[in-house]
Amino acid sequence: MKLRQLFTLEGVNLELKAETKDDILKELIQLLDLDDKSETILFKTLKRRENLGSTGIGKGIAIPHCRSLVVNRLRLAYGRKPEGADFNSIDGEPVHNFFLIVAPPLEVSNQYLPVLGKIAQFAKDPDIPTHLQDISTPQEFLDLLEEKAP
Amino acid sequence: MSGPSDTRGMDPQLMLLLELQDLRAQRKELAESEVAERMQEEHFHIDPADARSHLDEKITEIEQELHPRIRARYAQIVPMRDRVVVPVINGVCYGCFVSIPTATAGDRDSPAGVQSCEHCGCFIYILN
Ligand SMILES: [Zn+2]
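Note that the structure is a prediction, hence the values are computed from the model and not measured.

Each value, and the rule that gives it
- Residues numbered from 1 in each chain as written.
- Chains lettered and ligands numbered in written order.
- Predicted model: local features only at pLDDT ≥ 70, side-chain atom pairs only at ≥ 80, totals over all residues.
- Heavy atoms only, no water.
- Helix = DSSP H or I, 4+ residues; strand = E, 2+ residues; numbered from the N terminus.
- Rg over C-alpha atoms; globule rule 2.2 N^0.38 Å.
- Buried < 20%, exposed > 50% of the residue type's maximum accessible area, 1.4 Å probe, protein only.
- Contact = heavy atoms within 4.5 Å.
- Areas by Shrake-Rupley, 256 points an atom, 1.4 Å probe, with all protein chains shown as cover.
- Lys, Arg positive; Asp, Glu negative; His and termini not counted.
- Charge placed at Lys NZ, Arg CZ, Asp CG, Glu CD.
- Donors = N, O, S within 2.8 Å, 3.2 Å for Na, K, Ca; no water.
- Tetrahedral: all angles 85-135°; square planar, octahedral: opposite > 155°, others 65-115°.
- Salt bridge = Lys/Arg side-chain N within 4 Å of Asp/Glu carboxyl O.
- Core = buried A, V, L, I, M, F, W, Y, C linked by side-chain atoms within 4.5 Å.
- Polar contact = N/O pair within 3.5 Å; in protein donor to acceptor, adjacent residues only side chain to side chain.
- Nonpolar A, V, L, I, M, F, W, Y, C, P; charged D, E, K, R; others polar.
- Pairing = 2+ DSSP bridges.
- Phe/Tyr/Trp six-rings, centres within 6.5 Å; stacked < 30°, edge-to-face > 60°.

The next subject is the overall build of chain A. Within chain A, the regular secondary structure consists of 6 helices and 6 strands. Mapped in sequence order, the helices and strands of chain A form the string α-β-α-α-β-β-β-β-β-α-α-α. Over its C-alpha trace chain A gives a radius of gyration of 14 Å, about what one expects of a compact globule, namely 15 Å for 150 residues. Judged by the C-alpha coordinates and their principal axes, chain A covers about 35 × 30 × 25 Å. For chain A, with 150 residues in total, the buried portion stands at 61%. The long-range fraction of contacts in chain A, counting pairs at least 24 apart against all pairs at least 6 apart in sequence, stands at 69%. When the accessible surface of chain A is summed, it comes to about 6100 Å², and 48% of that surface belongs to carbon and sulfur atoms. Side chains of chain A carry 19 positive and 23 negative charges; the gap between the two charge centres is 7 Å.

In structure tokens:
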């Protein structure tokens, strides 16, 4: 499964408005277009994962992720905050790029962990932060995935 | 936005069960999947053993907040099933994959409180 196929244009926001970690999680969740109650539950679950340790993996990238029964298939979203935000990242630096991954508790295709690994790998490519900074439309984000995460 | 901080209309006990459900899923993955364990260690610098004990504490804490009747029911389901709360999607219970009567499934906004599948006994959460 290619990463490109798991993202949609609606699931990409290149100008996140939120300033705090909690609000950024909420804004990312909204990209999945769930009902209010599902959003609440998902937020709690993501927070719980963050309490174990930040998903900010350094180099300006965070990958908040969890399994939750509010989704019935693997869902991904991408948010960018050009000026960066504090996310208690591993390297203490502000985060500019947020990849949200949510999987149902049980998946037939078992894509969650491989996809999480692929995103982490993609994010570790030293050129990626610059590329992400340069994109100006959601379509360009999808094109970047197509090119860099085949 | 009302958004992710809106818990109006949601039964607080169901909310706790859902939290427990997700915590248990995280706990299980960290205990049973080497891939998950390695990934959390390598990419996110999480110590799996620490994470498991943190989750265990959290689970015990929330279990104490359950209403005694619901806790008793929960304690019955846990040893038998991976999941305590299951979604109902299009009228089908995802615990037993049996189509359940709408009367049981009910309206997710109803004040009826925590509902369960009369077929498999799991607590249910109705997903749109
Ligand atoms: Zn059932």
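Now that the structure has been shown, the text picks up again.
Let us look at the coordination of the zinc ion. All names here are of chain B. Coordination of the zinc ion by the protein comes from Cys93 (SG), Cys96 (SG), Cys117 (SG) and Cys120 (SG), over a distance range of 2.3 Å. Given 4 donor atoms and angles of 107 to 113 degrees at the metal, the environment of the zinc ion is assigned as tetrahedral. Positions of the donor residues of the zinc ion along the chain correspond to the pattern C-x2-C-x20-C-x2-C. Of this pair, Cys96 sits in the loop between strand E2 (92-93) and helix H5 (102-105) while Cys117 sits in the loop between strand E3 (115-116) and strand E4 (123-127), and the two are 21 residues apart along the sequence. Both residues of the pair, Cys96 and Cys117, count as buried.

Residue and element names in this part refer to chain A. According to the stated counting rule, one finds 13 salt bridges over all chains in the structure shown. With a closest N to O distance of 3.1 Å, Glu107 and Arg67 form a salt bridge. In this pair, Glu107 is assigned in the loop between strand E6 (95-103) and helix H4 (112-124) and Arg67 in strand E4 (residues 65-67), connecting sequence segments 40 residues apart. For Lys81, the salt bridge is made with Glu83, and the minimal N-O distance between the two is 3.2 Å. Here the salt bridges do not stand alone but share partners, grouping Glu19, Lys81 and Glu83 into one network.

With that out of the way, let us pick up the nonpolar core. Formed by 92 residues in total, the largest nonpolar core has its most connected members in Ile63, Phe99 and Phe141 of chain A. Leave out the neighbours within four places in its chain, and Phe141 of chain A touches Phe7, Val12, Tyr78, Phe99, Leu132 and Ile135 of chain A.

To continue, consider unusual backbone geometry. Positioned with a positive phi, Asn88 of chain A is a non-glycine residue whose angle comes to about 50 degrees. Its location among the elements puts Asn88 of chain A in the loop between strand E5 (75-85) and E6. Residue class for Asn88 of chain A comes out exposed when judged on its relative accessible area of 51%. One non-glycine residue, Phe97 of chain B, adopts positive backbone phi at about 55 degrees.

Opposite the 41 residues of chain B that make contact, chain A presents 38 residues. At the boundary of chain B and chain A, one finds 3 salt bridges. A salt bridge links Glu19 of chain B to Lys44 of chain A; its shortest N-O distance comes to 2.8 Å. Remark: the boundary between chain B and chain A carries 8 residue pairs in polar contact (both at pLDDT 80 or more). Broken down by element, the residue count for the side of chain B that touches chain A peaks at 8 residues, all from helix H1 (residues 12-32) of chain B. Split by residue class, the side of chain B that touches chain A holds 19 nonpolar, 13 polar and 9 charged.

On to the sheet that holds strand E1 (residues 85-89) of chain B, then. Strand order in the open sheet formed by 4 strands is E2-E1-E4-E3 (chain B), with mixed pairing between adjacent strands. Of all strands in the sheet, those with a lone pairing partner are E2 and E3 of chain B, marking the two edges.

Residue and element names in this part refer to chain A. In total, this model carries 7 aromatic pairs over all chains according to the counting rule given. With a centroid separation of 5.2 Å and 70 degrees between ring planes, the pair formed by Phe87 and Phe98 is classed as edge-to-face. Of this pair, Phe87 sits in the loop between E5 and E6 while Phe98 sits in strand E6; the two residues are 11 residues apart in sequence, bridging distant segments of the chain. Assessed through its relative accessible area of 0%, Phe98 is described here as buried. For the ring pair Phe99 and Phe122, a centre distance of 6.0 Å and an interplane angle of 85 degrees mean the geometry is edge-to-face. Of this pair, Phe99 sits in strand E6 while Phe122 sits in helix H4, and the two are 23 residues apart along the sequence. Classification of Phe122 as buried rests on a relative accessible area of 5%.

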